[in-house]
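Here are the chains, one letter per residue:
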Amino acid sequence: MPIPAFAGIPSLATWLGTAFGALVTWFSALLTKRLAVIAAAIVFFTVITVAFVAAINAAFATVSYLSPPYLTTAASWFLPENTEECIAVMGAGRLAAWVYH
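Here is what the cut-offs are and how they apply
- Residues numbered from 1 in each chain as written.
- Predicted model: local features only at pLDDT ≥ 70, side-chain atom pairs only at ≥ 80, totals over all residues.
- Heavy atoms only, no water.
- Helix = DSSP H or I, 4+ residues; strand = E, 2+ residues; numbered from the N terminus.
- Rg over C-alpha atoms; globule rule 2.2 N^0.38 Å.
- Areas by Shrake-Rupley, 256 points an atom, 1.4 Å probe, with all protein chains shown as cover.
- Phe/Tyr/Trp six-rings, centres within 6.5 Å; stacked < 30°, edge-to-face > 60°.
- Buried < 20%, exposed > 50% of the residue type's maximum accessible area, 1.4 Å probe, protein only.
- Patch = residues over 30% accessible without salt bridge, like charges linked within 9 Å, V, L, I, M, F, W, Y side chains within 5 Å.
- Salt bridge = Lys/Arg side-chain N within 4 Å of Asp/Glu carboxyl O.
- Expected span 1.5 Å × (residues − 1).
- Contact = heavy atoms within 4.5 Å.
- pLDDT = per-residue confidence, 0-100.
- Axes fitted to C-alpha atoms, helices over the stretch in contact; angles between N-to-C directions.
- Parallel < 35°, antiparallel > 145°, perpendicular 65-115°, else oblique.
- Left-handed = near helix turned anticlockwise from the far one by under 90°.

Q: Mind laying out the overall build of the protein, listing which residues take part and the relevant values?
A: Helices and strands together make up the secondary structure of the protein, namely 3 helices and 0 strands. For the protein, the α and β elements follow one another from N to C terminus as α-α-α. Its C-alpha radius of gyration of 30 Å places the protein more than 25% over the 13 Å reference for a compact globule of 101 residues. Accessible surface, the protein: about 8400 Å² in total, of which carbon and sulfur atoms supply 78%.

The following block contains the structure:
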């Protein structure tokens, strides 16, 4: 008596399900690792930028406290209000370029 054609379908379905499950597991592990590295890099550079902003703000506050009032007034005519933040972001950008090269 010949074996029906559908007799091998359950074993084929089991094999395909196992292969697909292993593929999904591998892909999700790879994707999770990459997302974790990307998130860590974003957090790292955000912390560096905030630290630079705090350091530059402290330096400018010290200089403006120790400088004569007319110098601070003259600087306010030419420098924008967010000068400290601009300098800090440029420093963080240069540090990021140095780290990646």
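Q: Hey, could you go over the packing of aromatic side chains for me, with residue numbers and the actual values?
A: Scanning the entire structure with this criterion turns up 1 aromatic pair. Ring centres 5.0 Å apart and planes at 70 degrees place the aromatic pair F44 and F45 in the edge-to-face group. For F45, a relative accessible area of 19% corresponds to the buried category.

Q: Tell me about the environment of L79, residues and numbers included.
A: Checked against the element boundaries, L79 lands in the loop between helix 2 (69-78) and helix 3 (83-100). Accessibility expressed as a relative area gives 44% for L79, which makes it partly exposed. Spatially, the C-alpha atoms of L79 and L30 are 48 Å apart, while their sequence positions differ by 49 residues.

Q: Kindly report on a nonpolar patch on the surface, identifying the contributing residues and their values.
A: On the surface, L23, W26, F27, L30, L31, L35, I38 and I42 cluster together to form a nonpolar patch covering roughly 820 Å² of accessible area. Residue placement: I42 occurs in helix 1 (residues 9-66). Residue class for I42 comes out exposed when judged on its relative accessible area of 53%.

Q: Describe helix 1, with residues and values.
A: Count 3.6 residues to each turn of an α-helix, and residues three or four apart come out pointing the same way. Spanning 58 residues, helix 1 covers 85 Å between terminal C-alpha atoms, matching the ideal 86 Å at 1.5 Å per step. Every buried residue belonging to helix 1 is among F45, I48, V53 and I56, and all of these are buried. Packing partners of the buried residues in helix 1 comprise helix 3.

Q: Explain the environment of A58 residue by residue, including any values.
A: Structurally, the position occupied by A58 is in helix 1. For A58, a relative accessible area of 42% corresponds to the partly exposed category. The spacing of A58 and E84 is 26 residues in sequence and 9.3 Å in space, taken between C-alpha atoms.

Q: Give a description of the confidence of the model for the protein that names residues and reports values.
A: When pLDDT is low, close inspection of the predicted coordinates is not appropriate. Predicted confidence across the protein gives a mean pLDDT of 80, with 92% of residues reaching 70 or more. No element of the protein has a lower mean pLDDT than helix 3, which averages 80, and none a higher one than helix 2, which averages 84.

Q: Please give an account of the packing of helix 1 against helix 3 that cites residues and values.
A: Two measures define how a pair of helices packs: the angle their axes make with one another and the distance between the axes. Between helix 1 and helix 3, the least distance of the axes is 8 Å, while the angle of their chain directions is 140 degrees. Judged by the inter-axis angle, helix 1 sits oblique to helix 3. Between helix 1 and helix 3 lies a crossing whose hand is right-handed. The segment helix 1 lies against helix 3, with A41, F45, I48, T49, F52, V53, I56, N57 and F60 engaging T83, E84, E85, I87, A88, V89, G91, A92, L95, A96 and Y100.

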